[in-house]
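# Summary of structural features
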Amino acid sequence: MDLGVRWKLHGDGRTPAPGAVVRPDERLSWPRTFGLGAQHVVAMFGASFVAPVLMGLDPNLAIMMSGVATVVFLLATRGRVPSYLGCSLSFVGVAAVIRADGGTSATVTGAVLVVGVVLFLVGLAVRRFGARIIHATMPPIVTGAVVMLIGFNLAPVTAATYWPQDQWTALLVMLFTGLAVVCLRGFWSRIAIFLGLIFGYGISWAFDRIFGRIHSVDASGKLTDHWRLDLSGVSKADWIGLPDLHGPSFQWSAILVALPVVIALVAENAGHVKAVGEMTGDNLDDKLGTAISADGAASVLSTAVGGPPNTTYSENIGVMAATRVYSTAAYWAAAGFALLFGVCPKFGAVVAAIPGGVLGGITVILYGMIGLLGAQIWINAEVDLRNPLNLVPAAAGIIIGVGNVTMEFTDTFELSGIALGTLVVITGYHALRAFAPAHLKTQEPLLDEGTSSYDEESGTGEGTQRARS
């Protein structure tokens, strides 16, 4: 069985020839391959360790399980889809809602584990029936609206939790990160979040030296005098040790809040598979279902031991585009580095010490970008918002999701925010479509048109699907 772990040496093993690329089944010399692996780790650091901190989960375990998840993904796709799997930011809002309702870390990971199972099953369905099964239930208007309300539902977290801890540091970090995203190029723009965190650390340290303690709310919401940057936990942490593990706990209310994120993950995977296919010159349509299932399986494995969910990272796709090196050997090296970081508690202590003001500046941009990905889905699919069939369910669902509207069905069961907004968008769209006049039912493009496509007359199995040229 070919697991995609054999690589041919590309050229002289130093650099790609002019106009050439290092394909997934090729590699450069091992020292250069390990160097590229380290570069991939740096690229994913910003989001991959901010996300678990925002979710209240162990960053050490998150980094370690991202390495495990990447290995699972590479083996499942037989080395044809070079991608790194890091902690998914799509679940940050879900975690905040669950914790606000009294949920623990086990409750969060239990809800997300169920999402991973559903994502795995969706991938199997795509393998069996093709991508059109996604379009049947989640056309672009639905997908874009759900991604948008998931992102914008996070706004109160920034406004009420992080920004008040140190508003001036938050403002400076926001400005610096925005400039980094816009003004830097290539690899450096891809790690703008990481650079923003380093800048925030530096500013917080300098402000502590210049102005002393700050009088503001701390991470627990208590008004106190405290240092902006507290590194006392770093000196106490060991250099080597396993992260803390815990099992999941399952609650229906938390699961219902988390399930809508499946839609965002399907859209992410479809886009990433197409992007990698275009860069490598390979038709990866037949791997879309496998990639989705692998993502789901990796998330189940991570959350089962207390880690966060994972998804393919666009930051690392950007690194490949900049270097023209698509070798999966580099991702195996990156996974190895992630495993090493995962067993270094001192590294986790540094991550856990990120000042609240720094997170305030980062999340203003990060959460907004997540929400606006929904608008990007609409633009790419050319969704017509002048059509009331599209406009009405999206408008209602987004307001419910962003405003955290609550519907109480019984004394013990209610739906609110993300879960209720998603339900309104999906059921509202399909219900209205059933009664809408024919002229409003214009055929919309596939969710993944521009990301992958399938011949309508192709066979049903993944192996028998024939991609349109």
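Residues numbered from 1 in each chain as written. Predicted model: local features only at pLDDT ≥ 70, side-chain atom pairs only at ≥ 80, totals over all residues. Heavy atoms only, no water.

As named in an unreviewed UniProt entry, the protein is Nitrate reductase, taken from Streptomyces cyaneochromogenes. In UniProt, the protein has this text filed under Subcellular location (unreviewed entry): "Membrane". (UniProt positions renumbered as here; feature names shortened; annotations may be inferred.)

Attention shifts here to helix α18 (residues 356-381). When the terminal C-alpha atoms of α18 are compared, their 37 Å separation across 26 residues agrees well with the 38 Å that a helix rising 1.5 Å per residue should span. Once α18 ends, the next one or two residues include Glu382, with phi positive near 55°. (Helix = DSSP H or I, 4+ residues; strand = E, 2+ residues; numbered from the N terminus. Expected span 1.5 Å × (residues − 1).)

For the rest of this paragraph, the subject is the packing of helix α4 (residues 105-129) against helix α14 (residues 288-304). Helices that pack against each other are described as a pair by the angle of their axes relative to one another and the distance between those axes. At a minimum axis distance of 7 Å, the contact between α4 and α14 shows a crossing angle of 160°. For the element pair α4 / α14, the angle class is roughly antiparallel. For the crossing formed where α4 meets α14, the hand is left-handed. Across the interface between the two elements, Thr109, Val112, Leu113, Gly116, Val117, Leu119, Phe120, Val122, Gly123, Leu124, Val126 and Arg127 from α4 touch Leu288, Gly289, Thr290, Ile292, Ser293, Asp295, Gly296, Ala297, Ser299, Val300, Thr303 and Ala304 from α14. For the contact of α4 with α14, the class distribution of residues is 13 nonpolar, 9 polar and 2 charged. (Axes fitted to C-alpha atoms, helices over the stretch in contact; angles between N-to-C directions. Parallel < 35°, antiparallel > 145°, perpendicular 65-115°, else oblique. Left-handed = near helix turned anticlockwise from the far one by under 90°. Contact = heavy atoms within 4.5 Å. Nonpolar A, V, L, I, M, F, W, Y, C, P; charged D, E, K, R; others polar.)

Further remarks concern the packing of aromatic side chains. Counted according to the given criterion, the structure contains 4 aromatic pairs. Ring geometry for Phe176 against Phe199: centres 4.3 Å apart, planes inclined by 5°, an arrangement best described as stacked. Placement of Phe176 in helix α8 (residues 167-183) and of Phe199 in helix α10 (residues 192-211) is noted, with a sequence separation of 23 residues between them. Look at Phe176 and you get partly exposed, because its relative accessible area is 30%. Measuring from centroid to centroid gives 5.4 Å for Phe207 and Phe211, while their planes differ by 75°, and the two rings are edge-to-face. Residue Phe207 and its partner Phe211 are located together in helix α10, separated by 4 residues, close to a single helical turn. Of the residues examined, Phe211 reaches a relative accessible area of 57% and is grouped as exposed. Chaining the aromatic ring pairs together yields one cluster made of Trp7, Trp30 and Phe34. (Phe/Tyr/Trp six-rings, centres within 6.5 Å; stacked < 30°, edge-to-face > 60°. Buried < 20%, exposed > 50% of the residue type's maximum accessible area, 1.4 Å probe, protein only.)

What follows covers unusual backbone geometry. A negative phi angle characterises most non-glycine residues, just as the trans form characterises most peptide bonds. A positive phi angle, close to 55°, is found at Arg78, a residue other than glycine. Its place among the elements puts Arg78 in the loop between α2 (59-76) and β3 (85-87). Classification of Arg78 by relative accessible area gives partly exposed; the value is 32%. We note that Glu382 has phi near 55°; this positive angle belongs to a residue other than glycine. Take Glu382: it is sitting in the loop between α18 and α19 (388-403).

A few words on the side chain of Ser29. Locating Ser29 in the fold gives a position in the loop between β2 (26-27) and α1 (30-55). Ser29 sits in the buried class, given a relative accessible area of 17%. Residue contacts for Ser29: discarding those within four places in its chain leaves Leu9 and Gly13.

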